[in-house]
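In case you want the letters, here they are:
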Amino acid sequence: MELSERDKNHLWHPLTQHQTAKPPIGVVKAKGALLWDEDGNEYIDGIASWYTTMYGHANEHIIAAVSEQMRQLDFVMFSGFTHEPAVKLSERLMEILPANQQKIFFNDNGSTAVEAALKMAFQYHHNAGDKRDTLIAFKEGFHGDTFGAMSASGIASYNAPFEDFLLKVIRIPTPQKDNLEAVILQLENIIAENNVAAFIFEPLVQGAAGMKFHTAEGLAAIIKKCQENGILCIADEIMTGFGKTGANFACDQLEQKPDIMCLSKALTAGMFPLSITSCTQAIFDRFLSEDVHKGFFHAHTFSAHPLGCAAAIAGIELLQSAEISEQQKNIEKSHAAFAQKIRNHSKVAEVRHKGVILAIDFNVKMERYGTLRDQLYQFFMERGVALRPLGNTVYILPPYVISEEQLQKVYDSIEGALAIV
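The residue numbering used here restarts from 1 in each chain and proceeds along that chain's sequence as written. Totals for whole chains, interfaces and linings use all residues, but because this is a predicted model, local features are given only for residues with pLDDT of at least 70 and pairs of side-chain atoms are given and counted only at 80 or more. Side-chain figures throughout are based on the complete set of non-hydrogen atoms in the structure, without hydrogens or water.

Participant: Even after reading the chapter, I still don't get the pairing of strand β3 (residues 42-45), so can you show me in this structure?
Facilitator: Regular strands place their side chains on alternate faces of the sheet. Where strand β2 (residues 34-37) lies against β3, three bridges are found, and the strand directions are antiparallel. When the sheet's bridge partners are listed, L34 is paired in β3 with I44. Strand pairing requires that DSSP identify at least two bridges connecting the strands. Counting from the N terminus, the helices are the DSSP runs of H or I reaching at least four residues and the strands are the DSSP runs of E reaching at least two. Connecting β2 to the antiparallel partner β3 that follows it, the hairpin turn spans four residues, and G40 within it adopts a positive phi of roughly 90°. Sheet topology places β3 next to strand β15 (residues 385-386); two bridges connect them, and they run parallel. If you follow I44 over to β15, its bridge partner there is V385.

Encoded structure:
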């Protein structure tokens, strides 16, 4: 019996309406930028499996690091203990994170990294006797599916059934070249009328919204205004981190740095579930007290898992290598050339690119999860290209190891789709 047949007996898939969805494709092997299904069909992983396997599937350098660590220390709880992989990873992260980030808190996925960040922010004020109950976030932001992270997110298709149970969040538009003055004015009014604990944002690129961009100058101005008013700023770099926007982190391109950062996905290159919430020394110090209850009483069983830490260290080594740097530049150049080629196509409403991210808005009305979107997804899969349209937005965010030939096949499939929509 095929995997897809066995699957339906007991499994419940994410982001899936099982009443209408096609059976999932059974993947049996992955290497580099490629996936293979149980029938021997080959697919180019054009989005690095949700922007995660950035150094390619089954990367030998990461496999070796995890395998070696497994033989030395497989797991130990992180309360009352520490270990070399966690300490070494913190040291390596300090080399590449913005200089104001000084402390590392471990979680196990992107949503829980955000959850920890929000709790840090609320308790930071609480520990000083300052009760703050409001968050500021961007419209159409996405930060995860746990309740705090979901509260901060602004996409109704994920949140609608839970609206009555969410935290208090006020949303502002993303800063563009023509609206910054209005956004700052709105921000000032929100701050004046509410007890705001934190501002959370995806820096420069809103992923789930459809790879929508905003300006670094505008974002820095918002951060500065918030920090002047004692509001902690949380950068959700779960999607953007580890080289995707043309820098190690999108925040590297900001003059004003966040107080807290959330990292996951490419942190371990998909080899192991792990996430990090980093923060400034000042935030950490606010939790120091003779009163034990002013500590951060938040924990995950698999915090700082040695295998995940080993994978992350190996990933950072690859990120800093000359080979990966060159491949990032090549992808960016290829994206720019393809964007220029299709920019004036009658079925292209907009095309934009930053680093290894390329997004194309089709000039077609399309539901985020609907029949036409599903047909477009199927079109790509039938041509051996795994892309996951976000409504009418088709984006490419490939593994850094993708070949020129493979990347061209992805471009060709998109041109083919433009010809028939």
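Don't stop here, the text continues.
Participant: So what exactly am I meant to see when it comes to the packing of aromatic side chains here?
Facilitator: Any pair of aromatic rings gets described here by the distance separating the centres and the angle formed by the planes. Only centres within 6.5 Å qualify two rings of Phe, Tyr or Trp (six-membered ring in Trp) as a pair; their planes then separate them into stacked at under 30 degrees, edge-to-face at over 60, and tilted for everything else. In total, this model carries 13 aromatic pairs according to the counting rule given. Each ring, one from F379 and one from F380, has its centre 5.9 Å from the other, and the planes form 75°; the classification is edge-to-face. The pair formed by F379 and F380 is uniform in burial state, with each residue classed as buried. Linked through ring pairs, F105, F287 and F296 together constitute an aromatic cluster. Positioned over the ring face of F284 is K103, at 4.4 Å from the centre of the ring. Only when the NZ atom of a Lys or the CZ atom of an Arg is both within 6 Å of the ring centre and within 35 degrees of the ring normal do we say a charge sits over the ring. Its end group placed over the ring of F379, R383 keeps NZ or CZ at 3.5 Å from the ring centre. Only protein chains enter the accessibility calculation, which uses a 1.4 Å probe; a residue whose area is less than 20% of its type maximum is buried, one above 50% is exposed, and one in between is partly exposed.

Participant: Teacher, can you tell me more about the environment of V169 here?
Facilitator: Locating V169 in the fold gives a position in strand β6 (residues 168-172). Exposure remark for V169: the relative accessible area of 19% places this residue in the buried category. Measuring from C-alpha to C-alpha, the distance between V169 and G154 comes to 9.4 Å, with 15 residues separating the pair along the chain. The contact criterion used is simple: two residues touch if any of their non-hydrogen atoms lie within 4.5 Å. Discounting residues that sit within four places of it in the chain, V169 has contacts with L135, A137, S151 and A152.

Participant: In this structure, what is going on with the pairing of strand β10 (residues 232-236)? I would like to understand it.
Facilitator: Of all five residues in β10, five are buried, a share of seventy percent or more. Residues L232, I234 and D236 of β10 are buried on one face, and the alternating residues C233 and A235, pointing to the opposite face, are buried as well. The sheet contact formed by strand β7 (residues 196-201) and β10 spans four bridges and is parallel. If you follow F199 over to β10, its bridge partner there is C233.

Participant: Explain the sheet that holds strand β1 (residues 27-31) here, please?
Facilitator: Remark on secondary structure: sheet strands pair via backbone hydrogen bonds, oriented parallel or antiparallel. Pairing within the open sheet is mixed, and its four strands lie in the order β1-β2-β3-β15. Bordering the open sheet on either side are β1 and β15, each of which pairs with just one other strand.

Participant: I'm lost on the state of the cysteines in this one. Help?
Facilitator: Each disulfide consists of a covalent bond between the sulfur atoms of two cysteine residues. The disulfide definition used here is simple: a pair of cysteine sulfur atoms within 2.5 Å. Scanning the model with the defined rule gives zero disulfides in all. Free of any disulfide, C251 has its nearest cysteine sulfur in C233, 9.9 Å distant. Look at C251 and you get buried, because its relative accessible area is 0%. Free of any disulfide, C309 has its nearest neighbouring cysteine sulfur in C279, separated by 17 Å. C309 sits in the buried class, given a relative accessible area of 0%.

Participant: Would you explain the pattern of salt bridges in this entry?
Facilitator: Here the idea is simple: oppositely charged side chains can pair when their charged atoms come close. Definition used for salt bridges: Asp or Glu carboxyl oxygen within 4 Å of a side-chain nitrogen of Lys or Arg. Here the structure, examined in full by the defined rule, presents twelve salt bridges. Its salt-bridge partner being E140, residue K212 comes within 2.9 Å of it at the nearest N-O pair. Here K212, found in strand β9 (residues 212-213), pairs with E140, found in the loop between β5 (134-138) and α6 (147-152); they are 72 residues apart in sequence, far enough to count as distant. Here K212 falls in the partly exposed class, since its relative accessible area comes to 31%. According to the relative accessible area criterion, E140 is partly exposed, its value standing at 35%. E350 is the partner of R352 in a salt bridge, and the nearest nitrogen-oxygen pair spans 3.6 Å. For R352, a relative accessible area of 8% translates into the label buried. Residue classification places E350 among the partly exposed residues on the basis of a relative accessible area of 39%.

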